[in-house]
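What follows is the residue order along each chain.
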Amino acid sequence: MFDVIIFAGLILAAFAFMEGFAWFTHRYVMHGFMWVWHKSHHEPREGAFELNDLFAVVFAAPAIVAVWLGVNTSLTFMLPIGIGITAYGAVYFLFHDGLVHRRWPMPKARSAYWKRLIQAHRFHHAVNTRDGCVSYGFLMAPPVRKLKEQLKARGVEA
Ligand SMILES: [Zn+2]
Ligand SMILES: [Zn+2]
């Protein structure tokens, strides 16, 4: 029983950590030296893919390594961590590429939580330059009213 709780706890911890990691990466890496890739996500997409999609490949690697280590070595705790990272990737993908950017048909979000997050990410896309964007999180975001104020202060009408 105790093992199950630790296993589930590690999945949740990895999932939560990933939101912080995603925020940090989006804020300082994608809107930093990796803007060369991320720029494609702030421009109209030509075709089915954009250069920014390569980040998904990069982020899948640690999850694959963690699962492999958890299954094939004595580092069993790496398995729930790998599952947590994978689960975050799946939810991120459904939310960001599905609900927000509608790259495939998705049912409309009904809950206030998802609606608020969709709005927050739309505000992120209100600015299409490396600097001056707001709201870098995905599954967590500041209140919409606050983001509106930040955009206004930067002279962007949203
Ligand atoms: Zn961005
Ligand atoms: Zn986006």
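The following paragraphs examine the structure supplied in this document.

Quick notes on the rules
Residues numbered from 1 in each chain as written. Chains lettered and ligands numbered in written order. Predicted model: local features only at pLDDT ≥ 70, side-chain atom pairs only at ≥ 80, totals over all residues. Heavy atoms only, no water. Donors = N, O, S within 2.8 Å, 3.2 Å for Na, K, Ca; no water. Helix = DSSP H or I, 4+ residues; strand = E, 2+ residues; numbered from the N terminus. Buried < 20%, exposed > 50% of the residue type's maximum accessible area, 1.4 Å probe, protein only. Polar contact = N/O pair within 3.5 Å; in protein donor to acceptor, adjacent residues only side chain to side chain. Contact = heavy atoms within 4.5 Å. Phe/Tyr/Trp six-rings, centres within 6.5 Å; stacked < 30°, edge-to-face > 60°. Lys NZ or Arg CZ within 6 Å of the ring centre and 35° of its normal. Core = buried A, V, L, I, M, F, W, Y, C linked by side-chain atoms within 4.5 Å. Expected span 1.5 Å × (residues − 1).

1. Let's talk about the coordination of the zinc ion (ligand 2)
Of the protein atoms, only His-41 (NE2), His-96 (NE2), His-101 (NE2), His-121 (NE2) and His-125 (NE2) coordinate the zinc ion (ligand 2), at distances of 2.0 to 2.3 Å. Motif for the zinc ion (ligand 2), donor spacing along one chain: H-x54-H-x4-H-x19-H-x3-H. A residue pair is termed long-range when its members are at least 10 positions apart, and His-96 in helix α4 (residues 78–100) and His-125 in the loop between α5 (112–124) and α6 (144–153) qualify at 29 residues. A residue is classified by how much of its surface remains accessible, and His-96, at 2% relative accessible area, is buried. The exposure class assigned to His-125 is buried, which follows from its relative accessible area of 16%.

2. Details of the side chain of Ser-40
Structurally, Ser-40 is set in the loop between α2 (35–38) and α3 (54–72). Reaching out from Ser-40, the side chain makes a polar contact with the backbone nitrogen of Asn-52 at a distance of 2.8 Å. Here Ser-40 is in contact with Glu-50, Leu-51 and Asn-52, once residues within four sequence places are set aside.

3. Points about the packing of aromatic side chains
Under the defined criterion, the tally for this structure stands at 12 aromatic pairs. Both rings, one in Phe-55 and one in Phe-59, keep their centres 6.3 Å apart while their planes meet at 20°; by these two values the pair is stacked. Pair noted here: Phe-55 and Phe-59 are both in helix α3, with a separation of 4 residues, about one helical turn. Residue classification places Phe-55 among the buried residues on the basis of a relative accessible area of 7%. Phe-59 sits in the partly exposed class, given a relative accessible area of 26%. Feature note: the residues Phe-17, Phe-21, Trp-37, Phe-55 and Phe-59 constitute an aromatic cluster, connected by ring pairs. The aromatic ring of Tyr-28 is capped on one face by Arg-27, whose charged end is 4.7 Å from the ring centroid.

4. Some thoughts on the nonpolar core
Judged by nonpolar contacts, the single largest core of 23 residues is most densely connected at Tyr-88, Phe-95, Ile-118 and Leu-151. Looking at this core, the elements with two or more residues in it are α1 (2–33), α4, α5 and α6. Take this core: its biggest share by element is 5 residues, from α4. Ignoring any residue separated from it by four or fewer positions in sequence, one finds Ile-118 in contact with Phe-95, Leu-99, Val-100 and Ala-109.

5. Some thoughts on the coordination of the zinc ion (ligand 1)
Around the zinc ion (ligand 1), the donor atoms from the protein are His-26 (NE2), His-31 (NE2), His-38 (NE2), His-42 (NE2) and His-124 (NE2), and they sit 2.1 to 2.3 Å away. According to the relative accessible area criterion, His-38 is buried, its value standing at 2%.

6. Examining α4
Along its 23 residues, α4 runs 31 Å from first to last C-alpha, staying within 8% of the 33 Å computed at 1.5 Å per residue. Among the residues of α4, Met-78, Pro-80, Gly-82, Gly-84, Ile-85, Tyr-88, Phe-95, His-96, Asp-97, Gly-98, Leu-99 and Val-100 are the ones counted as buried.

7. Notes on the environment of Tyr-92
With respect to the helices and strands, the residue Tyr-92 is situated in helix α4. Through-space distance from the C-alpha of Tyr-92 to that of Glu-19 is 9.0 Å; in sequence the pair is 73 residues apart.

8. Some words on unusual backbone geometry
Working note: non-glycine residues mostly have negative phi, and peptide bonds are mostly trans. Even without glycine at this site, Arg-102 takes up a positive phi of about 50°. Mapped onto the elements of the fold, Arg-102 is located in the loop between α4 and α5.

Keep in mind these numbers describe shape, not what the thing actually does.
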